[in-house]
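Overview (structure and organization)
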Amino acid sequence: MADAKRSNPPATLTETVARDYHTVALVLQGGGALGAYQAGVYQALAEADLHPTWLAGISIGALNAAIIAGNPPPRRVERLREFWETICRQPLLPAVLDFDTSAWPPLWRNGISGLAAWRALTEGQAGFFQPRLGPLLPWHTGPAGASWYDTTPLRATLERLADFDRINDARAMRVSVGAVNVRTGDFTYFDNTRDALRPEHFMASGALPPGFPAVEIDGEFYWDGGMVSNTPLYKVLSDRPSHDTLVFQVDLWSARGSLPHDLAQVAERSKEIQFSSRTRLITEFMRRTQEHRCLLHDVMALVPEDRRNDPAYRRALARSAAALTNVIHLIYRDKPYEGHYKDYEFSTASMQSHWQSGMEDMRHTLAHRQWLAAPDPEDPFVTHDVHRATTTSD
């Protein structure tokens, strides 16, 4: 099959991807203000005319997914830009920090970045969240009010910038977002192939306590999916094991980092470890799983025809797959001036820097056209990492 696919080499990258894969998935990790990096990644994909058929997101990744899926391809980057410009405005004195600090020394930029984070804590972010008045007072009881901030403005932003009829058209694009049931502790994916997605599904995916309140959906309350798993990669790789799949996995936290030497660095490193969700560990597990499925598929072909009605054969065949999987892994890399508050530092300057980093990383990846080709059936699961000097299959 792979040889047949390659017999007539396509002229464009888009044709290569369309020829080689049933599914093109964009997988978006949570990370608050760092999510502008994902918007830059998407812009570079759009420039290359590569459009995902499946969006899976957690937290800010779910919000980016809503904007992308909720708009036609020609308007997605424009709407993403509008979304990020909206939520990166402070409600009070909005122009104070809106200037270019790129030429400043890192220490000065760190100070400005810290001030922007402090303002987010004290003032909230326009179109996103606002501080509650007296959240510890007795009338702020109940799961929908037990938080430091009110996310009602986010609902209005999503309703303004995303068409939910379009989001729910699973024929055009599959959409999956993860959240945690507060009562049971169970991790749940809301998916437009079986659920009618509404703003609250995306808000629930990003409802990180105690900052944001639990979101009610059909009588149950949900918190941020990142509390259990901040990376929806497993969902994508396990849900359609028989489909040849290209995955763009976009992470905002790195599992690897420096040994901390003070409390601020401890706070930053602990977040990285908590929210990285060990993407490479999941990738390695799924690689081995896929190799076993392919091996089982090959073994099934050796079974004589007269034994193929046996129930054991049918069970084994259902667990086999000859699909090919290619994971393109991108990870946001910290800037020297950023601190432990980088996930709630929503200044316009930082947003633009994150966005630019995402574009550059994705453009660099796409420049290696061979990375996007389908794997060889002898090595059915490969990964490519823009931040590694060489490509690997582990």
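Note that this is a predicted model, so its numbers are computed, not measured.

Some points on a nonpolar patch on the surface
- A contiguous nonpolar patch, built from W104, L107 and W108 and spanning about 390 Å² of accessible area, is present on the exposed surface.
- The topology assignment puts W104 in the loop between α5 (76-87) and α6 (106-123).

A word on the UniProt feature "short sequence motif: GXGXXG" (unreviewed entry) in the protein chain
- Those residues carrying the UniProt feature "short sequence motif: GXGXXG" (unreviewed entry) are residues 30-35 in this numbering.
- For the annotated span residues 30-35, helix accounts for 0% and strand for 0% of the residues, and the straight-line distance between the end C-alpha atoms is 7 Å.

A short note on the packing of α5 against helix α7 (residues 152-161)
- Between α5 and α7, the least distance of the axes is 11 Å, while the angle of their chain directions is 160°. The orientation of α5 relative to α7 falls into the category roughly antiparallel. Note on packing geometry: the crossing formed by α5 with α7 is right-handed. Counting all contacts with α5, which are made through R79, E82, F83 and T86, the residues of α7 involved are L154, T157, R160 and L161.
- The residue makeup of the contact of α5 with α7, split by class, is three nonpolar, two polar and three charged.

Observations regarding unusual backbone geometry
- Note the cis peptide between P209 and P210, where omega equals 0°.
- Relative to the helices and strands, P210 is located in the loop between α9 (199-205) and β7 (215-217).
- Not every positive phi belongs to a glycine, and S59 is a case in point at roughly 60°.
- Turning to its location among the elements, S59 is positioned in the loop between β2 (54-58) and α4 (60-69).
- Here D218, not a glycine, exhibits a phi torsion of approximately 50°, which is positive.
- Examined against the element boundaries, D218 turns out to sit in the loop between β7 and β8 (220-224).
- The exposure class of D218 is exposed, given its relative accessible area of 67%.

Details of the pattern of salt bridges
- Going through the model one piece at a time under the given rule, you end up with 26 salt bridges.
- Residue D239 is joined to K235 by a salt bridge in which the shortest nitrogen-to-oxygen separation is 3.6 Å. With D239 and K235 both in helix α10 (residues 233-239) and four residues apart, this pair spans about one turn of that helix.
- Take D239: its relative accessible area is 34%, and that puts it in the partly exposed class.
- Under the relative-accessibility criterion, K235 is labelled buried at 12%.
- For E268, the salt bridge is made with K342, and the minimal N-O distance between the two is 3.1 Å. A residue pair is termed long-range when its members are at least 10 positions apart, and E268 in helix α11 (residues 263-276) and K342 in the loop between β10 (325-331) and α14 (348-366) qualify at 74 residues. Taken individually, E268 and K342 each receive the classification buried, so the pair is uniform in this respect.

Description of the pairing of β8
- In this structure, strand β5 (residues 174-181) lies alongside β8, joined through three bridges in antiparallel fashion. Note that in β8 the partner of N181 across the bridge is Y222.
- As defined by bridge partners, β7 adjoins β8 across three bridges and the pair is classed as antiparallel. Looking at the pairing, E216 lines up with F221 of β8.

Regarding the confidence of the model for the protein chain
- Per-chain confidence: the protein chain averages 88 in pLDDT, with 91% of residues scoring 70 or above.
- With pLDDT under 50 throughout, residues 389-394 is counted as low confidence; its partners more than four residues away or in other chains account for 14 contacts.

Quick word on the packing of aromatic side chains
- Within the structure shown, the criterion is met by 14 aromatic pairs.
- Ring geometry for Y37 against Y332: centres 5.5 Å apart, planes inclined by 70°, an arrangement best described as edge-to-face. With Y37 in helix α3 (residues 36-47) and Y332 in the loop between β10 and α14, the pair connects residues that are 295 residues apart, well separated along the chain. The same class applies to Y37 and to Y332, which are both buried.
- Judged by centre distance (5.1 Å) and plane angle (80°), the rings of F190 and Y222 are edge-to-face. In this pair, F190 sits in strand β6 (residues 187-191) while Y222 sits in strand β8, placing the two residues 32 residues apart along the sequence.
- Judged by its relative accessible area of 6%, F190 is buried.
- The positively charged end of R81 is found above the aromatic ring belonging to W355, 3.8 Å away from the centroid.

Observations regarding the nonpolar core
- One finds L26, W84, L158, F202, F248 and L372 to be the most contacted residues of the largest nonpolar core, which totals 72 residues.
- Discounting chain neighbours no more than four positions away, the residues touching L26 are Y42, L45, P52, W54, L55, A56, I68, F248 and V250.
- A25, L237, V247 and F381 belong to the second-largest nonpolar core, a separate cluster that totals 12 residues.

Criteria and cut-off values
Residues numbered from 1 in each chain as written. Predicted model: local features only at pLDDT ≥ 70, side-chain atom pairs only at ≥ 80, totals over all residues. Heavy atoms only, no water. Patch = residues over 30% accessible without salt bridge, like charges linked within 9 Å, V, L, I, M, F, W, Y side chains within 5 Å. Areas by Shrake-Rupley, 256 points an atom, 1.4 Å probe, with all protein chains shown as cover. Salt bridge = Lys/Arg side-chain N within 4 Å of Asp/Glu carboxyl O. Helix = DSSP H or I, 4+ residues; strand = E, 2+ residues; numbered from the N terminus. UniProt positions renumbered as here; feature names shortened; annotations may be inferred. Axes fitted to C-alpha atoms, helices over the stretch in contact; angles between N-to-C directions. Parallel < 35°, antiparallel > 145°, perpendicular 65-115°, else oblique. Left-handed = near helix turned anticlockwise from the far one by under 90°. Contact = heavy atoms within 4.5 Å. Nonpolar A, V, L, I, M, F, W, Y, C, P; charged D, E, K, R; others polar. Buried < 20%, exposed > 50% of the residue type's maximum accessible area, 1.4 Å probe, protein only. Pairing = 2+ DSSP bridges. pLDDT = per-residue confidence, 0-100. Phe/Tyr/Trp six-rings, centres within 6.5 Å; stacked < 30°, edge-to-face > 60°. Lys NZ or Arg CZ within 6 Å of the ring centre and 35° of its normal. Core = buried A, V, L, I, M, F, W, Y, C linked by side-chain atoms within 4.5 Å.

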